[in-house]
Amino acid sequence: MDKIIVFETFYNPIEANIVKARLLDSDIQCFLSDENTVTINPLYTQALGGVKLHLFEKDAEAARTLLEMKEEIPQQHTAEEPQHTGVSCPRCGSTDVGYVQATKNRFGILTTIVSLLLVVYPFYANKTQHCFNCSHEFDK
Ligand SMILES: [Zn+2]
(Lines give C-alpha, C1' and ligand atoms only; values in the text may rest on other atoms or scores of the structure.)
Protein backbone atom coordinates (compact mmCIF):
# COMPACT_ATOMS: atom_id res chain seq x y z
CA MET A 1 0.00 0.00 0.00
CA ASP A 2 1.44 3.33 -1.03
CA LYS A 3 1.68 6.09 1.48
CA ILE A 4 -0.56 9.10 0.91
CA ILE A 5 0.85 12.51 1.75
CA VAL A 6 -0.42 16.10 1.84
CA PHE A 7 1.21 17.41 -1.28
CA GLU A 8 0.13 21.01 -1.00
CA THR A 9 -2.27 23.27 0.89
CA PHE A 10 -4.37 25.91 -0.81
CA TYR A 11 -6.31 28.82 0.59
CA ASN A 12 -8.20 29.17 -2.64
CA PRO A 13 -10.47 26.17 -3.46
CA ILE A 14 -10.55 27.14 -7.14
CA GLU A 15 -6.78 27.05 -7.38
CA ALA A 16 -6.82 23.70 -5.56
CA ASN A 17 -9.25 22.31 -8.12
CA ILE A 18 -7.18 23.59 -11.02
CA VAL A 19 -4.08 21.85 -9.69
CA LYS A 20 -6.07 18.70 -8.96
CA ALA A 21 -7.49 18.66 -12.48
CA ARG A 22 -4.05 19.18 -13.92
CA LEU A 23 -2.68 16.22 -11.99
CA LEU A 24 -5.63 13.96 -12.82
CA ASP A 25 -5.22 14.99 -16.45
CA SER A 26 -1.70 13.57 -16.28
CA ASP A 27 -2.88 10.36 -14.60
CA ILE A 28 -1.59 11.32 -11.17
CA GLN A 29 -4.20 10.19 -8.68
CA CYS A 30 -5.04 12.80 -6.05
CA PHE A 31 -7.89 14.20 -4.01
CA LEU A 32 -8.78 17.27 -1.98
CA SER A 33 -9.89 17.41 1.63
CA ASP A 34 -11.69 20.13 3.58
CA GLU A 35 -12.73 21.56 0.26
CA ASN A 36 -16.45 21.73 0.94
CA THR A 37 -16.10 23.41 4.30
CA VAL A 38 -13.75 26.00 2.87
CA THR A 39 -15.99 26.66 -0.10
CA ILE A 40 -19.09 27.09 2.02
CA ASN A 41 -17.44 29.17 4.70
CA PRO A 42 -14.12 30.75 3.67
CA LEU A 43 -13.68 31.99 7.24
CA TYR A 44 -12.90 28.43 8.27
CA THR A 45 -10.04 28.25 5.80
CA GLN A 46 -7.46 29.47 8.28
CA ALA A 47 -8.77 27.25 11.07
CA LEU A 48 -8.64 24.12 8.90
CA GLY A 49 -5.33 25.00 7.34
CA GLY A 50 -6.77 25.38 3.86
CA VAL A 51 -7.77 22.88 1.21
CA LYS A 52 -5.35 19.99 1.23
CA LEU A 53 -4.27 18.17 -1.88
CA HIS A 54 -3.36 14.57 -1.18
CA LEU A 55 -1.54 12.16 -3.42
CA PHE A 56 0.63 9.07 -3.28
CA GLU A 57 4.11 9.76 -2.02
CA LYS A 58 5.55 7.96 -5.02
CA ASP A 59 3.82 10.49 -7.31
CA ALA A 60 5.01 13.60 -5.46
CA GLU A 61 8.13 14.04 -7.56
CA ALA A 62 6.26 13.69 -10.84
CA ALA A 63 3.55 16.06 -9.63
CA ARG A 64 6.06 18.72 -8.67
CA THR A 65 7.82 18.46 -12.00
CA LEU A 66 4.53 18.65 -13.84
CA LEU A 67 3.35 21.73 -11.98
CA GLU A 68 6.66 23.50 -12.50
CA MET A 69 6.49 22.73 -16.20
CA LYS A 70 3.03 24.16 -16.65
CA GLU A 71 2.97 27.27 -14.54
CA GLU A 72 0.37 29.10 -16.55
CA ILE A 73 -3.14 28.85 -15.18
CA PRO A 74 -5.91 29.37 -17.70
CA GLN A 75 -7.33 32.85 -17.29
CA GLN A 76 -10.89 33.02 -18.49
CA HIS A 77 -10.63 36.61 -19.60
CA THR A 78 -7.17 36.79 -21.09
CA ALA A 79 -7.51 33.48 -22.89
CA GLU A 80 -10.52 34.48 -24.92
CA GLU A 81 -10.25 34.82 -28.65
CA PRO A 82 -12.80 36.51 -30.83
CA GLN A 83 -15.00 34.42 -33.05
CA HIS A 84 -15.57 36.41 -36.17
CA THR A 85 -19.09 36.34 -37.42
CA GLY A 86 -18.99 38.51 -40.52
CA VAL A 87 -21.10 41.18 -38.84
CA SER A 88 -20.01 44.77 -39.30
CA CYS A 89 -19.96 47.44 -36.63
CA PRO A 90 -22.86 49.90 -36.84
CA ARG A 91 -20.67 52.68 -35.49
CA CYS A 92 -17.46 52.48 -37.52
CA GLY A 93 -18.31 49.90 -40.18
CA SER A 94 -15.39 47.63 -39.34
CA THR A 95 -15.90 43.92 -39.89
CA ASP A 96 -13.46 43.14 -37.10
CA VAL A 97 -16.40 42.13 -34.96
CA GLY A 98 -17.05 38.96 -33.07
CA TYR A 99 -18.76 37.31 -30.17
CA VAL A 100 -16.57 37.56 -27.14
CA GLN A 101 -16.70 34.04 -25.88
CA ALA A 102 -15.23 33.43 -22.47
CA THR A 103 -15.23 29.67 -22.56
CA LYS A 104 -13.30 27.97 -25.32
CA ASN A 105 -12.40 24.35 -25.21
CA ARG A 106 -8.69 24.91 -25.58
CA PHE A 107 -7.81 23.75 -22.07
CA GLY A 108 -9.92 20.62 -22.09
CA ILE A 109 -10.84 19.33 -18.69
CA LEU A 110 -9.33 22.31 -16.90
CA THR A 111 -11.62 24.75 -18.60
CA THR A 112 -14.58 22.52 -17.99
CA ILE A 113 -13.88 22.40 -14.30
CA VAL A 114 -13.09 26.09 -14.02
CA SER A 115 -16.29 26.87 -15.90
CA LEU A 116 -18.26 24.74 -13.50
CA LEU A 117 -16.65 26.45 -10.55
CA LEU A 118 -17.27 29.87 -11.99
CA VAL A 119 -20.80 29.07 -13.03
CA VAL A 120 -21.96 32.06 -11.01
CA TYR A 121 -20.57 34.30 -13.75
CA PRO A 122 -23.00 34.45 -16.66
CA PHE A 123 -20.49 33.99 -19.46
CA TYR A 124 -23.05 32.93 -21.99
CA ALA A 125 -25.79 35.28 -20.90
CA ASN A 126 -23.49 38.24 -21.42
CA LYS A 127 -22.37 37.41 -24.93
CA THR A 128 -22.49 40.45 -27.16
CA GLN A 129 -21.07 41.54 -30.47
CA HIS A 130 -17.86 43.40 -29.86
CA CYS A 131 -16.09 45.66 -32.33
CA PHE A 132 -12.33 45.23 -32.05
CA ASN A 133 -11.77 48.42 -34.03
CA CYS A 134 -13.64 50.94 -31.89
CA SER A 135 -14.65 48.75 -28.93
CA HIS A 136 -18.34 49.39 -29.57
CA GLU A 137 -20.58 46.65 -28.22
CA PHE A 138 -23.96 45.88 -29.66
CA ASP A 139 -26.55 43.18 -30.11
CA LYS A 140 -27.01 41.50 -33.43
ZN1 LIG B 1 -16.68 49.77 -34.48
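All values reported here derive from a predicted model rather than from experimental measurement. For every chain, the first residue of the written sequence is number 1, and numbering continues from 1 onward in sequence order. In view of the model being predicted, local features appear only for residues whose pLDDT reaches at least 70, and side-chain atom pairs are presented and counted only at 80 or more, with totals across whole chains, interfaces and linings using the full set of residues. The basis for the side-chain values is all heavy atoms of the structure; hydrogens and waters are excluded.

Before going further, it helps to examine the pattern of salt bridges. For salt bridges, the criterion is a side-chain nitrogen of Lys or Arg within 4 Å of an Asp or Glu carboxyl oxygen. Under the criterion given, the structure shown has two salt bridges. In this structure, Asp34 engages Lys52 in a salt bridge whose closest nitrogen and oxygen atoms are separated by 2.7 Å. Placement of Asp34 in the loop between strand E2 (30-33) and helix H2 (35-40) and of Lys52 in strand E3 (residues 51-56) is noted, with a sequence separation of 18 residues between them. With a 1.4 Å probe rolled over the protein chains alone, any residue whose accessible area is under 20% of its type maximum counts as buried; one over 50% counts as exposed, and the rest are partly exposed. According to the relative accessible area criterion, Lys52 is buried, its value standing at 18%. Runs of E in the DSSP output that reach at least two residues are strands. Runs of H or I that reach at least four are helices, and both are numbered from the N terminus.

A few words now on the coordination of the zinc ion. Coordination here is defined by N, O and S atoms within 2.8 Å of the metal (3.2 Å for Na, K and Ca), and since water is not considered, a site can look incomplete. Distances from the zinc ion to its protein donors, Cys89 (SG), Cys92 (SG), Cys131 (SG) and Cys134 (SG), fall within 2.2 to 2.4 Å. If you look at the zinc ion, its four donor atoms make angles of 105 to 114° with each other, and the shape they trace is tetrahedral. A four-donor site is classed as tetrahedral when every donor-metal-donor angle falls between 85 and 135 degrees; four donors are called square planar, and six octahedral, when trans pairs exceed 155 degrees and all remaining angles lie between 65 and 115, with any other arrangement labelled irregular.

Looking now at the pairing of E3. Counting buried residues in E3 gives five out of six residues, a clear majority hidden from the surface. We call two strands paired when DSSP finds no fewer than two bridges between them. The pairing of strand E1 (residues 4-10) with E3 spans six bridges and is classified as antiparallel. Following the sheet pairing, Thr9 is matched in E3 by Lys52. Where E2 meets E3, four bridges bridge the pair, whose relative direction is antiparallel. Counted as the bridge partner of Ser33 is Lys52 from E3.

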